[in-house]
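Fold and contact review
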Amino acid sequence: MLSADPLPPLSPAGAAHSELVAGHLRSLIAAGGGWLPFSQFMDAALYSPGLGYYMAGQARFGAGGDFVTAPEISPLYARCLATQVAEIMKRAGGGDLVEYGAGSGALAAELLQALAAAGALPGRYRIVEISAPLRALQRERIARIPGLLARVEWLDGPPATSWQGVAIANEVLDAMPVDRFCASRGGCEAIGVVAAGNGFAWRSRPAGAALADSVVRINASLPDPLPDRYVSELRPMMPAWIRAATATLEQGALLLCDYGLPRSHYYHASRDGGSLCAFYRHRRVEDVFARVGMQDLTAWVDFTAVAEAADAAGLELAGFTTQAHFLVALGIDRELAAALDGVGTREGLELRQGAMTLLLPGEMGERFKVMALARGIGITLAGFSFRDLSTSL
Ligand SMILES: C[S@@+](CC[C@H](N)C(=O)[O-])C[C@H]1O[C@@H](n2cnc3c(N)ncnc32)[C@H](O)[C@@H]1O
């Protein structure tokens, strides 16, 4: 439920930091001749070293931050994921687990414990993390569990040499920069950013060839053409990221968990305006130019685009389903029953509530999807056995 209360103000230190980020963004706009594609604005606002939202060390995750992700909501999420990871590892003949953008380290810590309990620990747990403050947070979280830290290493980018096993990206795609466009009968406009007083404003200009071609391809693949003056987003970096993340993967799978839709729903007439928004203190914020560097920026994922990028990268689509169907197929009911055994009333209630949040359609159950992209392990995976929505892509 959305709150009508005013948003909590930034602290003086937060406001000062945001002003630094705004100054940096203004200098990028000036260097771009007074106009910046939104993807470059978003990239800088989130990932500029020392300045960006994910790069500057403030609390982002969990109750004291701006948003809560599935691994933070309930340990049952990682325990179910561990069952899927173990199946893929077995098919690949063992290997490593590579996690992209590991946030607070909650998923890593819980996955490692669940895999250890199942006798299915990966050779190495490799975290690809670009943020130094987040690396420190992850190390501290994993170190709380005896015996696991020695198995974990941090990488600056995808594994450079051949490997086998599983890669996971939980809520990583939605945090990748998007470009905004307006598709009209007369062509396509790029909606970028200009400086306006102390802040920023939207400004359209004719789209460059790459953006215009992408929108033409999207339009051609839809059951109904985009309405005139339709505004939405696309993620230009995503195909290169899928390729890079799996370039050295010999056998195994990439699991992608995020909020998103098949293309025909993503670019449906009713979704004119797109899904770009900000998050600050657990509230959805429409103004993506407010408190820059101090609020998260995100947009939903076009999973058809991801499947196309996977095909181009030589991967097989091994499944696409809702989070609820994925977790039910992996036995979340059994995991909940086991977790409830012997716990007190309060902890039991938290476990039940966590399971509901993961599963209910009005919470995370339907908005969030899971996609598996496989190489050399076959395409029948337990997590998609209950309901596979691949044909909707
Ligand atoms: C919304 S947070 C999710 C964090 C965590 N996976 C979770 O579920 O709690 C998005 C994360 O994606 C990371 N990220 C974004 N682009 C990335 C990239 N190209 N490579 C690795 N991590 C990336 C960010 O640094 C951030 O940690």
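Here the structure is a predicted model, which is why all the values come from computation and not from measurement.

1. Concerning the pairing of strand β14 (residues 316-322)
Burial within β14 is extensive, with five of its seven residues counted as buried. Here β14 runs beside strand β15 (residues 368-375); their pairing, made up of six bridges, is antiparallel. Within β15, the position partnered with Gly319 by the bridge is Ala372.

2. Focus on the site of the ligand
In the vicinity of the ligand there are 16 residues, among which Tyr47, Thr69, Gly101, Asn170 and Glu171 approach most closely. Gly101 places a polar main-chain atom, nitrogen or oxygen, 2.7 Å from a nitrogen atom of the ligand. The contact in question runs from a nitrogen atom of the ligand to an N or O atom on the backbone of Asn170, over 2.7 Å. Calculation on the ligand without its partners gives an accessible area of 590 Å², and the protein chains cover 94% of this total.

3. Considerations on helix α2 (residues 38-47)
The buried fraction of α2 amounts to seven of the 10 residues, a majority that puts the element mostly inside the structure. Among all positions of α2, only Phe38, Ser39, Phe41, Met42, Ala44, Ala45 and Leu46 are buried. Residues of α2 that are buried sit in contact with α1 (12-31), β5 (179-184), β6 (187-196), β7 (199-206) and β12 (296-298).

4. Notes on α1
For α1, with 20 residues, the first-to-last C-alpha span of 29 Å sits near the 28 Å given by 1.5 Å per residue. On its buried side, α1 packs onto α2, β6 and β7. Of the residues trailing α1, Gly33 is marked for its positive phi of about 80°.

5. What about the domain arrangement of the protein?
Considered domain by domain, the protein is made up of domain 1 (12-44 + 60-64 + 176-238 + 271-299) and domain 2 (71-173 + 252-264 + 302-392). Just the C-alpha atoms count here: the centres of domain 1 and domain 2 sit 28 Å apart. Facing 12 residues of domain 1, the contacting portion of domain 2 comprises 14 residues. Together domain 1 and domain 2 conceal approximately 1000 Å² of surface at their shared face, both sides included; 70% is due to carbon and sulfur atoms. Linking domain 1 with domain 2 are five residue pairs in polar contact (both at pLDDT 80 or more), by the criterion used here. A per-class count over the side of domain 1 that touches domain 2 returns seven nonpolar, three polar and two charged.

6. Notes on the sheet that holds β12
Strand order in this open sheet of three strands is β11-β10-β12, and the pairing throughout is antiparallel. Edge positions in the sheet fall to β11 (283-285) and β12, since each has one partner strand and no second. Pairwise comparison of adjacent strand axes, ignoring direction, gives a mean angle of 35° for this sheet.

7. Concerning the sheet that holds β7
Read across the sheet, four strands follow the order β7-β6-β5-β8 without closing on themselves; strand pairing throughout is antiparallel. In this open sheet, the two edge strands, each paired with only one partner strand, are β7 and β8 (230-234). Here the average twist between neighbouring strands, direction ignored, is 35°. Taken together, the eight bridges between β6 and β7 define a ladder with antiparallel strand orientation. Residue pairing across strands places Ile191 opposite Ser204, the latter belonging to β7. Sheet strands in contact with α2 are β5, β6 and β7, and its direction is about 45° off that of β6. Here helix α7 (residues 209-221) sits on the sheet in contact with β5, β6 and β8, set at roughly 60° to β5.

Cut-offs applied
- Residues numbered from 1 in each chain as written.
- Predicted model: local features only at pLDDT ≥ 70, side-chain atom pairs only at ≥ 80, totals over all residues.
- Heavy atoms only, no water.
- Buried < 20%, exposed > 50% of the residue type's maximum accessible area, 1.4 Å probe, protein only.
- Helix = DSSP H or I, 4+ residues; strand = E, 2+ residues; numbered from the N terminus.
- Pairing = 2+ DSSP bridges.
- Near = heavy atom within 4 Å.
- Polar contact = N/O pair within 3.5 Å; in protein donor to acceptor, adjacent residues only side chain to side chain.
- Areas by Shrake-Rupley, 256 points an atom, 1.4 Å probe, with all protein chains shown as cover.
- Contact = heavy atoms within 4.5 Å.
- Expected span 1.5 Å × (residues − 1).
- Domains from an automatic or database assignment.
- Buried area = accessible area lost by both parts, 1.4 Å probe.
- Nonpolar A, V, L, I, M, F, W, Y, C, P; charged D, E, K, R; others polar.
- Axes fitted to C-alpha atoms, helices over the stretch in contact; angles between N-to-C directions.

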